[in-house]
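What the coordinates show
Spelled out from the first residue to the last, the chains are:
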Amino acid sequence: MKKRFFLRTLVGAMAVAAIGFQAPQVRAAEEPFKVGLIVPMTGAFASTGRQVYAGAQAYMEHHGDTVAGRKIEIILKDDGGVAANSRKLAQELIVNDDVDVIAGFGLTPIALAVAPVATESETPMVIMAAQTQTVTNASPFITRTSGTIKQVTSGIAQWAVENDIKTAVTLVPDYAPGYESEESFKKYFLEGGGKILEEIRVPMRNPDFAPFLQRVRDMKPDALFVMLPAGPGAALMKQYGQRGLAEAGIKLIGHGAITDDDNLNEGGDAAMGAITSDYYSNNHDSELNRKFKETYKKFDPTSRANFFGVAGYDGMQLIYEALKKSDGKAEGMALVDAMKGLSFESPRGPVTLDPEYRDFIQNIYMREVKKVGDEYHNVEFDVVENVNAVGEAK
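Cut-offs and rules
Residues numbered from 1 in each chain as written. Predicted model: local features only at pLDDT ≥ 70, side-chain atom pairs only at ≥ 80, totals over all residues. Heavy atoms only, no water. Pairing = 2+ DSSP bridges. Helix = DSSP H or I, 4+ residues; strand = E, 2+ residues; numbered from the N terminus. Contact = heavy atoms within 4.5 Å. Axes fitted to C-alpha atoms, helices over the stretch in contact; angles between N-to-C directions. Right-handed = clockwise from strand over helix to strand, strands pointing away. Expected span 1.5 Å × (residues − 1). Buried < 20%, exposed > 50% of the residue type's maximum accessible area, 1.4 Å probe, protein only. Arc of directions from axis to C-beta. Phe/Tyr/Trp six-rings, centres within 6.5 Å; stacked < 30°, edge-to-face > 60°. Lys NZ or Arg CZ within 6 Å of the ring centre and 35° of its normal. Domains from an automatic or database assignment. Buried area = accessible area lost by both parts, 1.4 Å probe. Salt bridge = Lys/Arg side-chain N within 4 Å of Asp/Glu carboxyl O. Polar contact = N/O pair within 3.5 Å; in protein donor to acceptor, adjacent residues only side chain to side chain.

Let us now look at the sheet that holds strand S6 (residues 101-104). Spatially, the six strands line up as an open sheet ordered S4-S5-S3-S6-S7-S8, and their pairing is mixed. Each end of this open sheet is capped by a strand with a single partner; those strands are strand S4 (66-67) and strand S8 (142-144). Both strand S3 (residues 33-39) and strand S5 (residues 70-78) contribute to a ladder of seven bridges, which runs parallel. Each bridged residue has a counterpart across the sheet, and for Phe-33 the counterpart in S5 is Ile-72. Strands S6, strand S7 (125-127) and S8 of the sheet are contacted by helix H3 (residues 108-121), whose axis makes an angle of about 160° with S7.

Attention now moves to the pairing of strand S10 (residues 195-202). Sheet topology note: the strand S9 (residues 167-173)/S10 ladder contains seven bridges and is parallel. For Thr-167, the partnering residue across the bridge sits in S10 and is Lys-195. This β-α-β element, S9 to helix H5 (residues 176-191) to S10, shows right-handed connectivity.

Now for helix H2 (residues 83-95). Between the first and last C-alpha of H2 there are 18 Å, a value that for 13 residues agrees with the 18 Å anticipated at 1.5 Å per step. When H2 is considered as a whole, its buried residues turn out to be Ser-86, Leu-89, Ala-90, Gln-91, Leu-93 and Ile-94.

For helix H6 (residues 210-219), the set of buried residues is Ala-210, Phe-212, Leu-213 and Val-216. An end-on view of H6 places all buried positions within 160° of arc, on one side of the element. Looking one or two residues beyond H6, the residue adopting positive phi is Lys-220, at roughly 55°.

On inspection of all chains with the given rule, the structure shows eleven aromatic pairs. Ring geometry for Trp-159 and Phe-381: centres 6.4 Å apart, planes at 70°, overall edge-to-face. Highlighted residues: Trp-159 in helix H4 (residues 149-162) and Phe-381 in strand S17 (residues 375-387), separated in sequence by 222 residues. For Trp-159, a relative accessible area of 13% corresponds to the buried category. Judged by its relative accessible area of 39%, Phe-381 is partly exposed. For the ring pair Phe-185 and Phe-225, a centre distance of 4.3 Å and an interplane angle of 15° mean the geometry is stacked. In this pair, Phe-185 is assigned in helix H5 and Phe-225 in strand S11 (residues 223-226), connecting sequence segments 40 residues apart. The exposure classification of Phe-185 matches that of Phe-225, with both residues buried. The side chain of Lys-187 reaches across the aromatic face of Tyr-188, ending 4.4 Å from its centre.

As far as domains go, the protein chain holds domain 1 (33-147 + 285-355) and domain 2 (150-278 + 365-393). In this structure, domain 1 and domain 2 have C-alpha centres spaced 27 Å apart. Each partner contributes to the interface: domain 1 provides 17 residues, whereas domain 2 provides 21 residues. Carbon and sulfur atoms supply 44% of the area that domain 1 and domain 2 bury against each other, a total of about 1400 Å² over both sides. Broken down residue by residue, the surface that domain 1 buries against domain 2 is led by Gln-133, Arg-304 and Phe-307, which jointly contribute 47%. For the pair domain 1 and domain 2, the number of links is three salt bridges. The salt bridge partner of Arg-304 is Glu-375, with a shortest N-O separation of 3.2 Å. Linking domain 1 with domain 2 are eight residue pairs in polar contact (both at pLDDT 80 or more). Among the elements that line the side of domain 1 that touches domain 2, the one with the most residues is helix H1 (residues 46-63), at three residues.

As structure tokens, then:
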């Protein structure tokens, strides 16, 4: 393989940095296989990094640290949820640590910042969190083991149409993932004969949902559709209860992040009855999920495994299965090609890496928040099977 050099222009500072990458040479099968895991372990999105890392460790606990004769090593790096940090860490992992794969990536801007590094160094990049559907277009070396916003949102939109919800207000964050969720909900809801009374976009810096929720109550829609990251989602849930929207007959529906398993108990009774769709629930009824949850607790005893935890678990599974398929010898695009089309059982259910989108084709579950014992859980009651990255059932 040829040596590659590229320039990075820092327009704001009018400075140019030259960084040289050398694509890895063919390696002996017995050499360690290194996974550079870049996630936020500190800062506002630390729970995402904690979940992904614990999930990855749980997979290795189940399956060992050797596959196809290669010892697997995870090199953890904390980017604090800052895209510039992520890009720098990715470069260092590839140049200094000679990693075979970079993985993690908690947010869409982070994934987009690192994608050119993956392309120019020919390094496979496994996204285990960021869910904006178009992210995989940023590099042919990207695969993803979480889900997409369109994929998840399609489930709740179709459920709303089929359950006599005629009018809705949408409330999403004022950035790309929010727009994508809003677009997907509208597509299915309007096609089914629903009517959108208003589209609300909220800033993500210190959001106060009270005035928005009062507007919703005054409009009296059948339902409020919400897509928000987990932390703000929990805050909205409390204010939804305080503002009496449920008593006013306004159903809370949304993307599964608003009832994130990691902090669902914080929402208390205000979360009861909320209907969401997502690719994973901690309450999912399978033997593998029970085993996953038990092992996850060993590495993160203070939280409940959520959708990012299972994406970390399956990210390692994707890597292991690709190495098995290639007898431990694939690298670069050959490893990405080995990942395409792989099917296996996950704690979330059956998954297949779609060769076209490089995202999982997977089940999207309808869930209702209920009290199970002394805790609140997303209890699955229906499923849309084999949904692809753009929200189509295959």
